[in-house]
Amino acid sequence: MKKLFAVLGDPIGHSMSPVMLNDILSFYVIDAHYHPFHVSRGDLETAVKGLKAIGISGFNITIPHKSAIIPFLDEIDELALSIGAVNTVVNENGKFVGYNTDGYGFIKGLEPYISSFTDKKVLVLGAGGAARAIYFTMAKMNPQTIDIANRTVIKAQELIESCPYETNSKALTLEEAEIHLHEYDVVIQTTMIGMYPNISEMPISLRNLSSQSLVCDIIYNPLETQLLIEARKKGATVQNGVEMFVYQGALAFEKWTGIFPDVKRMRENVLQQLGGVKC
Ligand code: NAP
């Protein structure tokens, strides 16, 4: 019987996951369909019960349900529980088990550049949901330091204090991050500053950036934010948000099928879809 996979969100029409995942399902000749469902906040519990009743094989959760879904699942993986957000659910013999592949997705995307974080000084800009997934997952990789700079610095401090894994971290203002920027090997931009249509904005100045740094922006619209344009001009290595998106989807696919998919094919698919948006 044909299997069903899905993504639940509100809004959901913009999601690139259905085209990316249906393509990769057919590439591996898996008799399945991945469908986007628009689910509003008040309908989430009913939607999850409905998916269980029809025996769905697995699904993704996107904004605004990543935290709200937790009480409606049977089990939550330890990392997802500590992050407090689930983006992937697997139907394991009738039990809905929640995982978070966002953080590992981001880290897998760095593999061409970084094999170990133990000697790396990392700076995360932002302390929202995406920063939380990346910070907690990276904390498990034992970086030398992993600091967080945020407009609201208390949120950065709270994020550090809520991390169950040992870290060498401090909370910074964006101004402090600018001053100390040359100290970091990896800079990860997770705020929405620079996202379309505000494409000329940057969260911090890069005047003190080292040319040896790797600068990542998890935004993918535009493909190259102003931050990445300036970082490239400074001689730094840059990476955009497409890698995180592709790898979080690849890791979800692996959890559902046991196959780690062809990420090159998935990346090309996403870039083709992004060709249709204003960048
Ligand atoms: P979020 O939870 O709402 O967090 C937003 C962050 O941006 C907070 O740190 C917030 O700081 C900061 N911020 C917002 N407006 C600001 C401003 N005017 N000046 C300075 N800082 C500001 O959002 P999120 O879910 O983490 O998503 C953040 C970005 O990541 C979005 O652009 C999203 O598209 C992208 N993303 C990409 C992927 C991917 O797969 N590539 C996955 C998830 C998210 P305060 O705490 O001070 O408000």
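Residues numbered from 1 in each chain as written. Predicted model: local features only at pLDDT ≥ 70, side-chain atom pairs only at ≥ 80, totals over all residues. Heavy atoms only, no water.

Asker: What am I meant to see in unusual backbone geometry here?
Answerer: Trans peptide bonds make up most of the peptide bonds, and negative phi angles are found at most residues other than glycine. Between Asp10 and the following residue, Pro11, the backbone shows a cis peptide bond with an omega angle of 5°. Its location among the elements puts Pro11 in the loop between strand E1 (3-9) and helix H1 (17-27). In this structure, the amide linkage connecting Asn221 to the following residue, Pro222, adopts the cis form with an omega of 10°. Take Pro222: it is sitting in the loop between strand E11 (214-217) and helix H8 (226-233). Here the phi dihedral of Val29 falls at roughly 50°; this positive angle occurs in a residue that is not glycine. (Helix = DSSP H or I, 4+ residues; strand = E, 2+ residues; numbered from the N terminus.)

Asker: Is there a simple way to think about the sheet that holds E1 in this case?
Answerer: What links the strands of a sheet is backbone hydrogen bonding, and the strands pair in either a parallel or an antiparallel sense. Pairing in this open sheet of six strands is mixed, and the strands run E2-E1-E3-E5-E6-E4 from one edge to the other. On the outer flanks of this sheet lie strand E2 (32-38) and strand E4 (75-76), each paired with one strand and no other. The sheet contact formed by strand E5 (residues 88-92) and strand E6 (residues 95-99) spans five bridges and is antiparallel. Bridge pairing in E6 places Val89 opposite Gly98. Contacting E1, strand E3 (58-61) and E6, helix H2 (residues 44-53) crosses the sheet at an angle of about 120° to E6. Along the sheet face, helix H9 (residues 242-257) touches E1, E2, E3, E5 and E6 and points at about 5° away from the line of E5. (Pairing = 2+ DSSP bridges. Contact = heavy atoms within 4.5 Å. Axes fitted to C-alpha atoms, helices over the stretch in contact; angles between N-to-C directions.)

Asker: Is there a simple way to explain the pairing of E5 in this structure?
Answerer: Looking down a regular strand, the side chains alternate between one sheet face and the other. Sheet analysis places E3 next to E5, joined by three bridges and oriented antiparallel. Opposite Gly58, over in E5, you have Val90 as the bridge partner. Adjacent in sequence and paired antiparallel, E5 and E6 are bridged by two residues, among which Asn93 carries a positive phi angle near 55°.

Asker: How should I be thinking about the site of the ligand in this particular structure?
Answerer: Of all residues adjacent to the ligand, which total 20 residues, the nearest are Gly129, Ala130, Asn150, Thr152 and Ile218. One nitrogen or oxygen atom from the main chain of Gly241 is found 3.0 Å from a nitrogen atom belonging to the ligand. Here the ligand loses 75% of its free accessible area of 930 Å² to cover by the protein chains. At the level of elements, helix H5 (129-139) and H9 are the ones that each hand at least two residues to the shell around the ligand. (Near = heavy atom within 4 Å. Polar contact = N/O pair within 3.5 Å; in protein donor to acceptor, adjacent residues only side chain to side chain. Areas by Shrake-Rupley, 256 points an atom, 1.4 Å probe, with all protein chains shown as cover.)

Asker: Got a minute to help me understand the packing of H9 against helix H10 (residues 263-274) in this structure?
Answerer: Any two packed helices are characterised by how steeply their axes cross, that is the angle between the axes, and by the distance between the axes. Running from N to C, H9 and H10 point in directions that differ by 125°, and their axes come no closer than 10 Å. In terms of axis orientation, H9 runs oblique to H10. Seen along the crossing, H9 lies across H10 with a hand that is right-handed. Counting all contacts with H9, which are made through Val242, Glu243, Phe245, Val246, Tyr247, Gly249 and Ala250, the residues of H10 involved are Val263, Met266, Arg267, Val270, Leu271 and Leu274. Looking at side-chain class alone, the contact of H9 with H10 contains 10 nonpolar, one polar and two charged residues. (Parallel < 35°, antiparallel > 145°, perpendicular 65-115°, else oblique. Left-handed = near helix turned anticlockwise from the far one by under 90°. Nonpolar A, V, L, I, M, F, W, Y, C, P; charged D, E, K, R; others polar.)

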